[in-house]
Amino acid sequence: MAAALRIQSDWSRALRRDEGEAWLSCRSPGKPTLYGSLTRRGLSTEGVPDIAASEGFVVGEITKKSILVSCPHENVSTKFLAPFTTFSRIHQKSVTCLDISSGGGLGVSTSTDGTMKIWQAANGEIRRLLEGHVYDVNCCRFFPSGLVVLSGGMDAQLKIWSVEDASCAVTFQGHKGGILDTAIVDRGRNVLSCSRDGTARLWDCGKSACLGVLADCGSPVNGIAVGTADNSVNLGAPEKTPSEREIGTEGKILLLAREDKKLQGVGLQSRQPVFLFVGSDAFNCCTFLSSTYFLAGTQDGNIYQLDVRNTNAPIQVIQRSGAPVLSLLPYRDGFVASQGDGTCFIIQQDLDYVIDLTEADCDPVYKVASWEKQIYTCCRDGVVRRYQLSDL
């Protein structure tokens, strides 16, 4: 675990005032935590706050929404980014999942208030209410067209919705426990789901039928991801000829993030196991970075980076805090991760600092979505936050 810098969640508000102060900390494994503060001394001639750091910390570049802070003793730097805007009126309670359409114009989100809503990504204005699941809706995502939404609920149902009129076009039934995650194959003729019942299933949207159980793990499958596998990976051969209703499954691998501390790879078309990796705790989420590399996050805060060609040992294990890793998203040449203690950060290969998306305080950040240079997060505090990375 590397050293991690943290800042007071409302630092940007605190530092707007003259003599305003915000606390800092630098935590490094096996060492005492270093504590410090930032103090605003006034405004520069360009209208940017003049901010000084206490002993042991150094302030770098400052903009209206970001501040770069270093702790030279631990050789760590973090750019803290405040939200560009926040939407607190979309839902009444915790927002548990969200996604942004391919054109960036619309968002969809689910909440513990029992609702699923489509809203304008620019201002949070609600456009549609998607009603039909019994109990909570756990997950939602747009199809690549941006005109259709896929959702999965505690009622073990998977549903497809029209964005234009909020009608439910298809309902898939077959799972025996709540649906925890979904994925879309290519343009969306086929979709995938995973459930508390321990299975992952492939579905045909046109015929609203199950094309097969891809894995039966005997343990809840918390998250899935589908990607094109590197050519050198042996995905196995199907035992019987795939249905002609299967579109785009060839050459793809399905990742399964399992509650029993296992991360599994399965050939999407072959249904054959490709690898099984055992982690430190329950796996909550997974994502592909490329056809070679993928990430998976655990309940005890570890993010494993693995190479699909050799999963015997991880390339690296990243840990910023011991809180559950709840969401992982590829972003440019790196990734965004969110955790159960409000930590939400971006790691990119070409940057020598971490970008920390702030203001969630200690509330879990359940899901992260992106469109171009904008990142959206949803949180237990019921707020959807939008960060503008061009603010950097």
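Residues numbered from 1 in each chain as written. Predicted model: local features only at pLDDT ≥ 70, side-chain atom pairs only at ≥ 80, totals over all residues. Heavy atoms only, no water.

Student: Can you help me understand the pairing of strand 14 (residues 148–153) in this one?
Tutor: Along any regular strand the residues' side chains alternate between the sheet's two faces. The element strand 14 is largely enclosed, with a buried count of five among its six residues. Both strand 13 (residues 137–142) and strand 14 contribute to a ladder of five bridges, which runs antiparallel. Bridge pairing links C140 to S151 in strand 14. Connecting strand 13 to the next strand, strand 14, in antiparallel fashion are five residues, including G146 with a positive phi near 75°. (Buried < 20%, exposed > 50% of the residue type's maximum accessible area, 1.4 Å probe, protein only. Helix = DSSP H or I, 4+ residues; strand = E, 2+ residues; numbered from the N terminus. Pairing = 2+ DSSP bridges.)

Student: Even after reading the chapter, I still don't get the side chain of T249, so can you show me in this structure?
Tutor: Here T249 lies in the loop between strand 21 (221–228) and strand 22 (252–258). For T249, the side chain forms a polar contact with the side chain of E246, separated by 2.8 Å. Not counting residues up to four positions away in its chain, the partners in contact with T249 are V185, N190, L202, L268 and Q269. (Polar contact = N/O pair within 3.5 Å; in protein donor to acceptor, adjacent residues only side chain to side chain. Contact = heavy atoms within 4.5 Å.)

Student: Looking at this model, I keep getting lost on unusual backbone geometry. Mind explaining?
Tutor: What is expected of a backbone is that most residues other than glycine have negative phi and most peptide bonds are trans. Located in the positive-phi region is K261, a residue other than glycine, with phi close to 70°. When you line up the elements, K261 lands in the loop between strand 22 and strand 23 (262–267). Its identity is not glycine, yet E372 carries a phi of approximately 50°, on the positive side. Structurally, E372 is set in the loop between strand 33 (365–371) and strand 34 (374–379). Given the relative accessible area of 60%, E372 is considered exposed.

Student: Would you explain the pattern of salt bridges in this entry?
Tutor: Tallied over the entire structure, the rule returns 15 salt bridges. We note a salt bridge from R245 to D204, for which the minimum N-O separation is 2.6 Å. Residue R245 is located in the loop between strand 21 and strand 22, and its partner D204 is located in strand 19 (residues 199–204); the two are separated by 41 residues in the primary sequence. Taking relative accessible area as the criterion, R245 reaches 31% and is therefore assigned partly exposed. Between D363 and R380 there is a salt bridge; the shortest N-O distance is 3.2 Å. Of this pair, D363 sits in the loop between strand 32 (354–357) and strand 33 while R380 sits in the loop between strand 34 and strand 35 (384–388), and the two are 17 residues apart along the sequence. (Salt bridge = Lys/Arg side-chain N within 4 Å of Asp/Glu carboxyl O.)

Student: Sorry, what's going on with the sheet that holds strand 22 here?
Tutor: Note: strands within a sheet are paired through backbone hydrogen bonds, in either parallel or antiparallel orientation. The four strands are arranged 21-22-23-24 in an open sheet whose pairing can be described as antiparallel. Two strands close off the open sheet at either side, each with one partner strand: strand 21 and strand 24 (273–278). Sheet twist, expressed as the average angle between the axes of neighbouring strands with direction ignored, equals 15°. With five bridges connecting them, strand 22 and strand 23 associate as antiparallel partners. Pairing of L255 across the sheet is with G265, part of strand 23. (Axes fitted to C-alpha atoms, helices over the stretch in contact; angles between N-to-C directions.)

Student: In this structure, what is going on with the sheet that holds strand 10 (residues 106–111)? I would like to understand it.
Tutor: An order of 9-10-11-12 is seen for the four strands of this open sheet, with the pairing classed as antiparallel. Where the open sheet ends on each side, the last strands, each with one partner, are strand 9 (95–100) and strand 12 (126–129). Neighbour to neighbour, the strand axes of the sheet diverge by 25° on average, direction disregarded. Summarising the sheet, strand 9 and strand 10 pair through five bridges and their orientation is antiparallel. Each bridged residue has a counterpart across the sheet, and for I100 the counterpart in strand 10 is G107.

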